[in-house]
There are 2 protein chains.
Amino acid sequence: MANAASNCWVGVDLGGTKVLAGVFDQRLKLLGSAKLSTRAERGVEIVLERIGRCVGEALEAAGKKRSDVAGVGVGAPGAVDVARGVVLFAPNLPGWRNIPLGRRLSKALGLPVVVGNDANVCTLGVHEVELGGRPRQLVGVFVGTGIGGGLILQGRLYEGACHTAGEVGHMIIEVNGPKCGCGNRGCWEALASRTAIFRRIREALQSGEKTVLTEWLGSELQDLRSNDLRKALERGDKLVHRILMQAADYLGIGLANLINLLNPEVVVLGGGLMQAVGDQLLPRIQRTARQLAMPGTARRLRITASKLGDEAGITGAAVLAQRWAQSR
Amino acid sequence: MANAASNCWVGVDLGGTKVLAGVFDQRLKLLGSAKLSTRAERGVEIVLERIGRCVGEALEAAGKKRSDVAGVGVGAPGAVDVARGVVLFAPNLPGWRNIPLGRRLSKALGLPVVVGNDANVCTLGVHEVELGGRPRQLVGVFVGTGIGGGLILQGRLYEGACHTAGEVGHMIIEVNGPKCGCGNRGCWEALASRTAIFRRIREALQSGEKTVLTEWLGSELQDLRSNDLRKALERGDKLVHRILMQAADYLGIGLANLINLLNPEVVVLGGGLMQAVGDQLLPRIQRTARQLAMPGTARRLRITASKLGDEAGITGAAVLAQRWAQSR
């Protein structure tokens, strides 16, 4: 059990490039946060150490001590055995296979730690904090390097038989389509993620098309980021606009599949790409998804973009820690 | 409440071409059944009358009276408002829009009636009777004229926000693929249903390919049925074999999507096409689905064909009636 004096929760968002930690009060208000680069290439031990340091910095920013913390939740980018707190594998964290993240971090911090899949955790955060825990059925879709998903079904986080449910990014929507990082072809994330968009822009450049992006990134589009897409749109770039609208259509097609299958009340979109250009994409995504959904399935449906942005992960991780403490 | 002397349950499978009714004892053993053509083209009233007659004939076959029946369940081919027993729409039953099937049939039979979607009901039957209610997560896929689906999640039938969940047949798996009856393109059922297979065989004939099917069905392949596919395979027909294996691959692709998304313990396949040629299709479906599923998601997974065949619908409808009585 948590100490009676413990009155806050820590949420950690472990990503391939950065670690975020946030300290939340009992009502899930953010008191302070910190960010560090992950340095995943330096190996598991270094990453574990950096997570601990990031939590320490977040506590400092919030003006809290370790003894104030009732529990820590972590969202990790991969398949997680939630019951044991083990990261089974994480494609974007080299060397992470069967790492007992929960136990290791708990020992280092002297605090209870619970671990979940990052997209599940983000969905939990949006459900609890942004939507007040109301929708009984919620599909969360997070578009960035890949496409992650989380499902709230019958009011609870749905994880399936081995905690791997919600792998929406590898839904095949174009048989024999472009190759995906997973080895299959035509996966949703090979068609509609930021990675897919960047690939299409580079292919267009190679075939002689023009874009303002080269003005500030050079002909190789080095260090291309989501925010460059926004800047290009603001400059009226036709190529970027066309490729983004195509991605929005693919996003809408995948959402229609999820809507037909799960008949949710709410679909919420988040992730880096949505944060950068979501306002441009959303109307087109909504229109395509509604056009393709079966009659009746979209009657009570709302398709929306999350306002939590970068904070969805740490918020959801804090919710996870809170839920877990309550369930014990 | 059911009469104390009432000791059996009636399950009705309402299809576009035929109505089946079965009488089951408390332990869901089939005591007797009957079958009638639906005559959907003659309108709603005639169909309602025929359902009543079919139930009467099944009772006679089982040696039971109406007063022996504790409740009636019906699986209907379309979107159903389960709480109100209303068929909202049913693409294969002309004129069926907002038909209060539960109330009408209850009045005609003098018995409590509960109505559900046919694929959901079949999945319930397989789950309860064939799998002993064990899998917590089960995906049922029924391949015939179309592709229907039912989901058991966290041990219960999952119906979504407006009871339309499980519309697996309209999952788009080939953007810009062949036109589907629903108006969209590249739906699973436009690629892998019996309808899709028959269309491909006819197209192949038109482009000059040969098949033994024409020997007994003529050059127009009139009255082509699933069992003709079996007969053609037994005669070593190369065209039919090739088109069936292609359909098996498409079935495997769609299953992989469902496995990645829902991480079930069991996927069960049923329906007319599986009954006729399931033994030929299943190994290829299993191989494709497992190849495309994400690592880890298929660890505890079994992909199997239902042995209930034609009886899945009436069995599941009896289960539905039983559950519904228990929940009141």
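Please refer to the structure higher up on the page.
Residues numbered from 1 in each chain as written. Chains lettered and ligands numbered in written order. Predicted model: local features only at pLDDT ≥ 70, side-chain atom pairs only at ≥ 80, totals over all residues. Heavy atoms only, no water.

S.K.: Is there a simple way to explain the overall build of chain A in this structure?
M.R.: Each helix and strand counted, chain A has ten helices and 13 strands in total. Each of the 328 residues in chain A was classed as buried or not, and the buried ones make up 61%. Pairs at least 24 residues apart make up 62% of the contacts formed inside chain A by residues separated by at least 6 positions. Between the centroid of the 41 positive side chains of chain A and the centroid of its 29 negative side chains there is a distance of 3 Å. (Helix = DSSP H or I, 4+ residues; strand = E, 2+ residues; numbered from the N terminus. Buried < 20%, exposed > 50% of the residue type's maximum accessible area, 1.4 Å probe, protein only. Contact = heavy atoms within 4.5 Å. Lys, Arg positive; Asp, Glu negative; His and termini not counted. Charge placed at Lys NZ, Arg CZ, Asp CG, Glu CD.)

S.K.: Which parts of the structure should I look at to understand the interface of chain B and chain A?
M.R.: Interface size is commonly expressed as the accessible surface area that is lost when the partners come together. Each partner contributes residues to the interface: chain B has 45 residues there, and chain A has 45 residues. When the buried area of chain B at its contact with chain A is split by residue, Gln-154, Tyr-158 and Leu-261 of chain B rank highest and sum to 18% of it. Our enumeration of links across chain B and chain A arrives at zero salt bridges. Remark: the boundary between chain B and chain A carries 26 residue pairs in polar contact (both at pLDDT 80 or more). Elements supplying a minimum of two residues to the side of chain B that touches chain A: β6 (86-89), β10 (147-153), β11 (156-157), α8 (238-262) and α9 (272-292) of chain B. With seven residues, α8 of chain B is the largest single contributor of residues to the side of chain B that touches chain A. (Buried area = accessible area lost by both parts, 1.4 Å probe. Salt bridge = Lys/Arg side-chain N within 4 Å of Asp/Glu carboxyl O. Polar contact = N/O pair within 3.5 Å; in protein donor to acceptor, adjacent residues only side chain to side chain.)

S.K.: Would you explain the packing of helix α7 (residues 226-234) of chain A against helix α8 (residues 238-262) of chain A in this entry?
M.R.: Residues and elements named next belong to chain A. Taken N-terminus to C-terminus, the directions of α7 and α8 make an angle of 120°; their axes are 8 Å apart at the nearest point. The angle between α7 and α8 places the two elements in the oblique class. For the pair α7 and α8, the sense of crossing is left-handed. The residues of α8 that touch α7, namely those facing Leu-229, Ala-232 and Leu-233, are Val-240, His-241 and Leu-244. Here the residues of the contact of α7 with α8 sort into five nonpolar, one polar and no charged. (Axes fitted to C-alpha atoms, helices over the stretch in contact; angles between N-to-C directions. Parallel < 35°, antiparallel > 145°, perpendicular 65-115°, else oblique. Left-handed = near helix turned anticlockwise from the far one by under 90°. Nonpolar A, V, L, I, M, F, W, Y, C, P; charged D, E, K, R; others polar.)

S.K.: How should I be thinking about the relation of the copies chain B and chain A in this particular structure?
M.R.: The transform that puts chain B on chain A rotates by 180° and translates by 0.0 Å along the axis, for an RMSD of 0.0 Å. On this basis, the relationship between the two copies can be described by a two-fold rotation axis. Looking at chain B, 100% of its interface residues are interface residues in chain A too, so the copies touch through the same face. (Least-squares fit on C-alpha atoms with pLDDT ≥ 70 in both.)

S.K.: When you look at the sheet that holds strand β3 (residues 30-37) of chain B in this model, what are you seeing that I'm missing?
M.R.: Whether parallel or antiparallel, the strands of a sheet pair through hydrogen bonds between backbone atoms. Residues and elements named next belong to chain B. With mixed pairing, the five strands of this open sheet are ordered in space as β3-β2-β1-β4-β8. Every other strand in the sheet has two partners, leaving β3 and β8 (113-117) as the edge strands with one partner each. Adjacent strand axes in the sheet meet at a mean angle of 15°, parallel and antiparallel pairs treated alike. Pairing between strand β4 (residues 69-76) and β8: five bridges, direction parallel. By the bridge assignment for β8, Ala-76 is matched with Asn-117. Contacting β1 (8-14), β2 (18-25), β3 and β4, helix α1 (residues 44-62) runs over the sheet at an angle of about 145° to β3. (Pairing = 2+ DSSP bridges.)

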